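Structural overview
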Amino acid sequence: MKKKNSFDKKFPLFVKYFTDATIQNNMTDNADLLRKYNAYSESIEFFLKELDKRFDIDTIKRIIVEAIIKLPDSIMVSLITSYLNSSEEAKLNPDFIAYYNKTSNMGKASVEYIERYGLITDRSFKDIPKKAVDAHYADVRSGAEQFNGVGLDEIYDTLTYPERRFIISLIEAKIVEDFDVLFEKFNFSFKSLITVLMTRGIDAGILNKAVLNGLGEEYLLILVCLFLDNDEAISSIANMKNLFSMERYELVKLIINENLLVAFANADVNSFADKEDNQIIEELKKKELVLTKQEN
């Protein structure tokens, strides 16, 4: 009986694919490969069993090099997961790794989509980002999202994909459920409301449950109206998000009450950390005075 060598003992799943002694020795000396093999041997075994059903030894050998030996752990696991969840058509495609790489260039959401639903190895892979958006919507929607008596499901298919991503972010921010209360006096259709909010940059950094709870309905609505009606006020959105992240809601109310959004737009919010609200308001008033004199 032939005595097992180190390669046979360390990489039993690879034995029938790699028979060259030099290659075996190189793999045996590869400590990172051994660590990866031991950590993910179960997934690798399932993967190889699926490959064995469909490809010859040389093809599988190439796949092992490209998908297991060369890839970092997380990408290897992602690729294997995507393959195992794929249709028979995709599993039969010897270039499935190339399609995985193309999909990974489309972003995290697209990769998560193929990990869940499997690889797409035809021209329709280009539609994966859109498929991922729609799958995400299906995951986060409650079915009760509505505005002015119109359900979101009724208009979702009429939205552009940027609009779909936008409304999904607002659903995740748990603010869509409050649209009827916040915007009850707005004579907008649901689609028009989404479009105008998006166009003005009033996103989930402004419209979210934490801000609603911190400011209250009245002040949040006033703030949104200021952003909708005043181009100069819009320039303060980035700073406003920073204040919200600091939970300085009382300061925001003072800025609104004193009509200081324009002066606030150019303020250094990081300098606010150690200052009292009244001190900041006085500094903004001085800045506002300077801006007014410059305009005149």
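Residues numbered from 1 in each chain as written. Predicted model: local features only at pLDDT ≥ 70, side-chain atom pairs only at ≥ 80, totals over all residues. Heavy atoms only, no water.

1. Brief notes about the overall build of the chain
Of regular secondary structure, the chain possesses 21 helices and two strands. Compactness check: the chain gives a C-alpha radius of gyration of 28 Å against a globular reference of 19 Å for 296 residues, more than 25% above the reference. Across its three principal directions, the C-alpha atoms of the chain cover 95 × 45 × 30 Å. Within the span of the chain, comprising 296 residues, buried residues form 42% of the whole. A separation threshold of at least 6 residues defines the contact pool for the chain, and within that pool the share at least 24 residues apart is 63%. A total of about 16,000 Å² of accessible surface is found on the chain, and carbon and sulfur atoms cover 48% of it. Taken as two groups, the 38 positive and 48 negative side-chain charges of the chain have centres that lie 8 Å from each other. (Helix = DSSP H or I, 4+ residues; strand = E, 2+ residues; numbered from the N terminus. Rg over C-alpha atoms; globule rule 2.2 N^0.38 Å. Buried < 20%, exposed > 50% of the residue type's maximum accessible area, 1.4 Å probe, protein only. Contact = heavy atoms within 4.5 Å. Areas by Shrake-Rupley, 256 points an atom, 1.4 Å probe, with all protein chains shown as cover. Lys, Arg positive; Asp, Glu negative; His and termini not counted. Charge placed at Lys NZ, Arg CZ, Asp CG, Glu CD.)

2. Overview of the nonpolar core
Counting residues in each nonpolar core, the largest one holds 54 residues, and the members touching the most others are Phe179, Phe183, Leu207 and Phe264. Discounting residues that sit within four places of it in the chain, phenylalanine 183 has contacts with Phe147, Leu193, Leu197, Leu207, Leu221 and Val224. Core analysis: the next-biggest nonpolar cluster, separate from the first, contains 37 residues, Phe18, Leu51, Met76 and Tyr100 among them. (Core = buried A, V, L, I, M, F, W, Y, C linked by side-chain atoms within 4.5 Å.)

3. Notes on the pattern of salt bridges
Evaluation of the coordinates by the stated rule reveals 22 salt bridges. Between aspartate 32 and arginine 35 there is a salt bridge, and its shortest N-O distance comes to 2.9 Å. Here aspartate 32 pairs with arginine 35, and both are found in helix α3 (residues 31-39), just three residues apart, close to one helical turn. Judged by its relative accessible area of 43%, aspartate 32 falls in the partly exposed class. Its salt-bridge partner being glutamate 283, residue lysine 275 comes within 3.1 Å of it at the nearest N-O pair. Relative accessible area serves as the criterion here: at 22%, lysine 275 is assigned to the partly exposed category. Via salt bridges that share partners, Glu50, Lys53, Arg54, Glu88 and Lys91 belong to a single interconnected network. (Salt bridge = Lys/Arg side-chain N within 4 Å of Asp/Glu carboxyl O.)

Taken by themselves, the reported measurements are silent on function.
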